[in-house]
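Spelled out from the first residue to the last, the chains are:
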Amino acid sequence: MSKEKIDKNRLPKHIAIIMDGNGRWAKEKGKFRIFGHQNGVKAVREVSEGCAELGVECLTLYAFSTENWNRPKIEVNALMTLLVKTIKGETDTLMKNGIKLDAIGDRSTLPVDCLRELDEAMEATKDNTRMTLILALSYSAKWDIVNATRIIAQKAASGEISIDEVNEDLINKTLTTHKYPHPELMIRTSGELRISNFLLWEIAYSELYFTTVLWPDYRKEHLYEAILDFQSRERRFGKTSEQLA
Ligand code: FPP
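Every value quoted in this text rests on a predicted model; they were computed, and no experiment measured them.

Draft legend 1. Expanded view of the pairing of strand β6 (residues 207-210). Burial of β6 is one-sided: the residues E207 and Y209 facing one way are buried, the residues L208 and F210 facing the other way are not. Strand direction decides the pairing type here: strand β5 (residues 185-188) and β6, joined by four bridges, are parallel. Among the inter-strand pairings, R188 is bridged to a residue of β6, identified as F210.

This is the structure we're talking about:
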């Protein structure tokens, strides 16, 4: 089994996942798209548990992008209902597994019931320390960068900071992702080879891993394969192999 081959001392601290293929999975079965999203919840449980068991510190899941608001209203409403239901229904499991819940994205665009459940689950799980599960909700990397730029520009305009203080560190601190290390591994399911506006700033040096498995079929074994592949790579951060040796 691939789990035993994983080197626990070289785990990615933070894994980010683009959960893709729910719609195609449902279509293959002659069902509505929402059936795929509903079955995607099982995969969310599997990877969260799998990451926590291994000792991965942070897991970010792309649950709803800024662009997803443009989907048919019926799908958007069904997805929001599913998110609210899942967040509410999974809080006990998060507690049992010592997982803290957090979120990134544009809170101002989320429906009130979604925000309420999210805040309640975040409050209930805030002292858990085994792993943090971060949901990207109404999130896009470009939105986050524009939002951070506005905050910084406002501070500069009011004289709170000088232009010289605008640097990589300040941008890091102003993004909604600021509390966590940048992902070392990003996984996308379903065979699509794109980043789709997810964590563009934060993945500057991430290892990218693509699999053709559709999200509702994604299980711990697939996660282990991705981590093993990550551990087989040489991460040079712009240096040469010789310098690393
Ligand atoms: C992408 O598949 C998936 C989404 C936009 C939503 C993912 C949401 C869940 C799995 C629901 C529960 C999640 C949490 C974290 C509580 P797609 O619809 O783009 O699939 P397609 O490319 O095959 O059409």
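Structure's up, so let's keep going.
Draft legend 2. Expanded view of helix α4 (residues 73-96). Taking 1.5 Å per residue, 24 residues should reach 34 Å; α4 reaches 35 Å between its end C-alpha atoms and fits that length. At the exit of α4 stands G98, carrying a positive phi of roughly 65°.

Draft legend 3. Molecular detail of the site of the ligand. Near the ligand you find 20 residues, and of these D20, G23, R24, R33 and R71 are the closest. At 3.0 Å from an oxygen atom of the ligand is found a side-chain nitrogen or oxygen belonging to D20. In this structure, an oxygen atom belonging to the ligand sits 2.8 Å away from a side-chain N or O atom of R71. Here the ligand, which alone exposes 630 Å², has 92% of that area covered by the protein.

Draft legend 4. Here's a closer look at helix α6 (residues 141-157). Taking 1.5 Å per residue as the helical rise, α6 with its 17 residues ought to reach 24 Å, and the 24 Å between its terminal C-alpha atoms agrees with that figure. Along α6, the residues classified as buried are A141, D144, A148 and I152. For α6, the arc enclosing every buried residue in end-on projection is 65°, short of the 170-degree limit, so these residues lie on one face. Among the exposed residues of α6, those oriented more than 90 degrees off its buried face are K142, R150, Q154 and A157. Against the buried residues of α6 lie β4 (131-139) and α7 (168-174).

Draft legend 5. Summary view of the nonpolar core. Residues I15, I17, L59, L133, I187 and Y218 are the most contacted members of the largest nonpolar core, which totals 44 residues. The element best represented in this core is α4, accounting for seven residues. When neighbours within four sequence positions are excluded, L133 is seen to be in contact with S48, L59, L61, L94, I99, K100, L101 and D102. Residues I18, Y62, I134 and Y180 belong to the second largest nonpolar core, which totals 15 residues.

Draft legend 6. Focus on unusual backbone geometry. Residues other than glycine seldom take positive phi values, yet S138 does so here, at roughly 50°. Inspection of the secondary structure assignment puts S138 in strand β4.

Draft legend 7. Summary view of the pattern of salt bridges. Going through the model one piece at a time under the given rule, you end up with 21 salt bridges. With a shortest N-O distance of 3.0 Å, R188 and D20 are connected by a salt bridge. With R188 in strand β5 and D20 in the loop between β1 (14-18) and α2 (22-28), this pair connects stretches of sequence that are 168 residues apart. You'll find R188 and D20 in the same group, each marked buried. A salt bridge links D119 to R107, with the nearest nitrogen and oxygen atoms 2.9 Å apart. Of this pair, D119 sits in helix α5 (residues 112-124) while R107 is found in the loop between β3 (99-104) and α5, placing the two residues 12 residues apart along the sequence. Overall, the relative accessible area of 39% leaves R107 in the partly exposed class. Here the salt bridges share partners, and the residues they tie into one network are D20, R24, R188, E192 and R194.

Rules behind the numbers
Residues numbered from 1 in each chain as written. Predicted model: local features only at pLDDT ≥ 70, side-chain atom pairs only at ≥ 80, totals over all residues. Heavy atoms only, no water. Buried < 20%, exposed > 50% of the residue type's maximum accessible area, 1.4 Å probe, protein only. Helix = DSSP H or I, 4+ residues; strand = E, 2+ residues; numbered from the N terminus. Pairing = 2+ DSSP bridges. Expected span 1.5 Å × (residues − 1). Near = heavy atom within 4 Å. Polar contact = N/O pair within 3.5 Å; in protein donor to acceptor, adjacent residues only side chain to side chain. Areas by Shrake-Rupley, 256 points an atom, 1.4 Å probe, with all protein chains shown as cover. Arc of directions from axis to C-beta. Contact = heavy atoms within 4.5 Å. Core = buried A, V, L, I, M, F, W, Y, C linked by side-chain atoms within 4.5 Å. Salt bridge = Lys/Arg side-chain N within 4 Å of Asp/Glu carboxyl O.

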